[in-house]
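Topology and contacts: notes
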Amino acid sequence: MSSIYIDESGTRNSSGGFFVIGFLKVRDHQPLERDIRHLRQKHQYFQEIHFADIRKNSLEFYFDVVETLAAADIRVGGSVYDSVSAFQPNEETWKQQAAMATLLTMGNINKGEVVNAFLDLVQTPKNVTLAQTVRDEVNRRRGGRCVAEAYDLDSRASDFLQLADLIASSIAYERRHGQPDIGERRTPKARVAARLRRALEIDGFDDIQQGKVNIVTVANPTSSFFTSR
């Protein structure tokens with residue numbers, strides 16, 4: 001059974017930009033889990049794998065991580081939204097993030113496949129969880145139980161959610177900043193995003209469905225989502 005790990009990059013933002021829901025889909029956890037643990041030991045890097053924390057002195061660790069990730073038996077990608085127009089003013093933010101995660105999950109489950117889903121913690125009302133909302137909505141729309149279980153996790157406790165952040169943030173970074181010219185001095189974050197892109201053997205983080213990668217730009221997703229309930 002495969003598992004899908006989902007994390008986001010960006011915020012609901014009236015000044016514009018991109019909001020990305022990224023995912024990592026894994027069938028066999030143990031090899032990748034073991035490889036990441038080895039890299040942590042090799043580089044003595046035991047803090048959270050977090051795109052925002054990439055610095056010059058951690059580049060070699062992040063380079064090894066993205067090369068290892070791209071070589072694994074995984075599927076990666078994300079859904080890209082406009083951080084202004086994608087959000088409806090009359091709906092709670094967590095509900096709209098649930099809608100986005102639902103659409104992403106539905107788009108990355110094969111016919112007849114059953115998965116588990118793991119989502120980064122999002123603040124929700126009492127007695128409601130993002131993960132259970134996504135599970136129930138995917139199963140309702142698919143007319144079956146293709147999501148067996150779904151869990152809210154603190155990303156600090158899950159290397160796989162941290163890798164989902166790395167994927168989402170790399171997509172968001174290049175969507176915001178583009179690909180710097182070779183001659184330009186690139187930031188550590190730009191270098192890691194570029195290294196991931198090359199390791200995945202794609203030309204950019206534009207919309208693509210190729211090999212291990214599935215990235216799509218979604219326009220006005222939540223308006224139709226809530227009216228179709």
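The structure displayed is predicted, hence computed values, not measured ones. (Residues numbered from 1 in each chain as written. Predicted model: local features only at pLDDT ≥ 70, side-chain atom pairs only at ≥ 80, totals over all residues. Heavy atoms only, no water.)

1. A look at empty space enclosed by the protein
Rule in force here: Cavities and pockets were defined on a 1 Å grid built from protein atoms only: a cavity is a group of points that admits a 1.4 Å probe but offers it no way out, a pocket is an open group of points flanked by protein on both sides within 12 Å along at least five of seven lines, and a lining residue is one with an atom within 4 Å of any such point. Grid points are joined across faces, edges and corners, and a volume is the space filled by probe spheres set on the points. Elements are defined by DSSP. Helices are runs of H or I of four residues or more, strands are runs of E of two residues or more, and each kind is numbered from the N terminus. Any residue outside Ala, Val, Leu, Ile, Met, Phe, Trp, Tyr, Cys, Pro, Asp, Glu, Lys and Arg is labelled polar, Gly included; the first ten of those are nonpolar and the last four are charged.
Under the definition given, this model contains one cavity of 30 Å³ or more. There is about 50 Å³ of room inside the largest cavity. Elements with a contribution of two residues or more to the lining of the largest cavity: β1 (2–9), α3 (93–106) and β4 (115–120). Looking at side-chain class alone, the lining of the largest cavity contains six nonpolar, one polar and three charged residues.

2. Considerations on the confidence of the model for the protein
Convention followed: A score from 0 to 100, pLDDT tells how confident the predictor is in each residue.
When the pLDDT values of the protein are averaged, the result is 90; 91% of them are 70 or greater. Of all helices and strands in the protein, the one with the weakest mean pLDDT is helix α7 (residues 221–227) (51), whereas helix α2 (residues 59–71) scores best (98).

3. Things to note about the sheet that holds strand β5 (residues 147–153)
Put simply, the test is: Strand pairing follows a simple DSSP-based rule, namely that at least 2 bridges must link the two strands. Interaxial angle, 0 to 180 degrees, is taken between N-to-C directions of lines fitted to C-alpha atoms, where a helix line uses only the stretch in contact.
As summarised here, the arrangement of the seven strands in space is β5-β4-β1-β2-β3-β7-β6, forming an open sheet in which the pairing is mixed. Two strands in the sheet have a free side with no partner beyond their single neighbour: β5 and β6 (208–210). Taking each pair of neighbouring strands and ignoring which way they run, the sheet shows an average axis angle of 15°. Pairing analysis gives five bridges linking strand β3 (residues 74–82) to strand β7 (residues 213–217), with the strands arranged parallel.

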